[in-house]
Amino acid sequence: MPTTLERTTVTHTAPVQRALAVAARHWPVEANPRELMLRLMLEGASALRERELEAAYADAYAEWADTEDASLWDSTSGDGLEGAA
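What counts, and at which threshold
The numbers attached to residues start from 1 for each chain and follow its sequence in the written order. Given that the model is predicted, a residue must reach a pLDDT of at least 70 before its local features are reported, and side-chain atom pairs must reach 80 or more before they are shown or counted; all residues, however, enter totals for whole chains, interfaces and linings. In computing side-chain values, all of the structure's heavy atoms are included and hydrogens and water are not. Segments assigned H or I by DSSP are reported as helices when at least four residues long, segments assigned E as strands when at least two residues long, and all are numbered from the N terminus. Under the scheme applied here, a residue whose accessible area is under 20% of the maximum for its type counts as buried, over 50% as exposed, and between as partly exposed, the area being computed with a 1.4 Å probe on protein chains only. Each accessible area is a Shrake-Rupley estimate made with a 1.4 Å probe; only the visible protein chains count as cover when residues are assessed. Remark: nonpolar core denotes a set of buried residues (Ala, Val, Leu, Ile, Met, Phe, Trp, Tyr, Cys) joined through side-chain atoms within 4.5 Å. A contact between two residues is defined here by any heavy atoms of the two lying within 4.5 Å. The convention used is that axes are lines fitted to C-alpha atoms, helices contributing only their stretch in contact, and that angles between N-to-C directions extend from 0 to 180 degrees. Oblique is the label for any angle not under 35 degrees, not over 145, and not in the 65 to 115 range, which are roughly parallel, roughly antiparallel and roughly perpendicular in turn. What pLDDT reports is the predictor's confidence in each residue, on a scale of 0 through 100. Stacked, tilted and edge-to-face are the three classes assigned to paired rings of Phe, Tyr and Trp, where Trp is represented by its six-membered ring and a pair needs centres within 6.5 Å; plane angles under 30 degrees give stacked, over 60 edge-to-face, the rest tilted. Under the convention used throughout, the expected extent of a helix is 1.5 Å for every residue step, that is, one less than its residue count. Pairs of N or O atoms within 3.5 Å make up the polar contacts considered here, provided that, within protein, one atom can donate a hydrogen while the other can accept it, and that residues adjacent in sequence are counted only when both atoms are side-chain atoms.

J.: Talk me through the overall build of the protein chain; I want residue IDs and the actual numbers.
T.: Looking only at helices and strands, the protein chain has three helices and zero strands in total. Along the protein chain, helices (α) and strands (β) appear in the sequence α-α-α when read from the amino end. The buried share of the protein chain, taken over its 85 residues, is 7%. Working note: accessible area of the protein chain is about 7,500 Å², and carbon and sulfur atoms make up 57% of it.

Spelled out as structure tokens, the structure:
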């Protein structure tokens, strides 16, 4: 299909073949290599983004945990009852 977008060619080396075999087991409906590669890329990007968000959340929480707001959390969140269980 004609396009002005950049194209990428991937040689089916042993590591690529192994990745495609794993992908085919997970997504048997998407049998052709092109669809499997696309799915792998999208899933991989999603996993990397999740890691980034987890790290950002951990950093934000660590920054917040050292503030006065953090010390007030138990008494002002939920029903406001400290130690109730």
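J.: Break down the nonpolar core for me, with residues and values.
T.: Residues Leu20, Ala23, Trp27, Leu36 and Met37 constitute the largest nonpolar core, which totals five residues. Apart from the residues lying within four places of it in its own chain, the contact partners of Trp27 are Leu36, Arg39, Leu40 and Glu43.

J.: Help me get a handle on the packing of helix H1 (residues 14–26) against helix H2 (residues 33–65), residues and values and all.
T.: Interaxial distance between H1 and H2 falls to 10 Å at its minimum, and their mutual angle equals 85°. Considered as vectors, H1 and H2 are oriented roughly perpendicular to each other. On H2, the residues that touch Val16, Ala19, Leu20, Ala23 and Ala24 of H1 are Pro33, Leu36, Met37 and Leu40.

J.: Report on the environment of Thr3, specifying residues and quantitative values.
T.: Take Thr3: it is sitting in the segment before H1. Residue classification places Thr3 among the partly exposed residues on the basis of a relative accessible area of 41%.

J.: An account of the confidence of the model for the protein chain is needed here, citing residue identities and associated values.
T.: Averaged over all residues, the pLDDT of the protein chain equals 85, while 86% of them reach at least 70. At the low end of the mean pLDDT range in the protein chain sits helix H3 (residues 68–76), at 72; at the high end sits H1, at 95.

J.: If you had to explain the packing of aromatic side chains to someone new, which residues and values would you point to?
T.: For the coordinates displayed, the defined rule picks out two aromatic pairs. Their ring planes at 25° and their centres at 6.5 Å tell us that Tyr57 and Tyr61 sit as a pair that is stacked. Residue Tyr57 and its partner Tyr61 are located together in helix H2, separated by four residues, close to a single helical turn. The exposure class of Tyr57 is exposed, given its relative accessible area of 59%.

J.: Give me the lowdown on H2, citing residues and values where you can.
T.: Across its 33 residues, H2 extends 47 Å between first and last C-alpha, which sits within 8% of the 48 Å expected from 1.5 Å per residue. Where H2 begins, one side-chain oxygen reaches toward the backbone nitrogen of Arg34, 3.1 Å away; that side chain belongs to Asn32.

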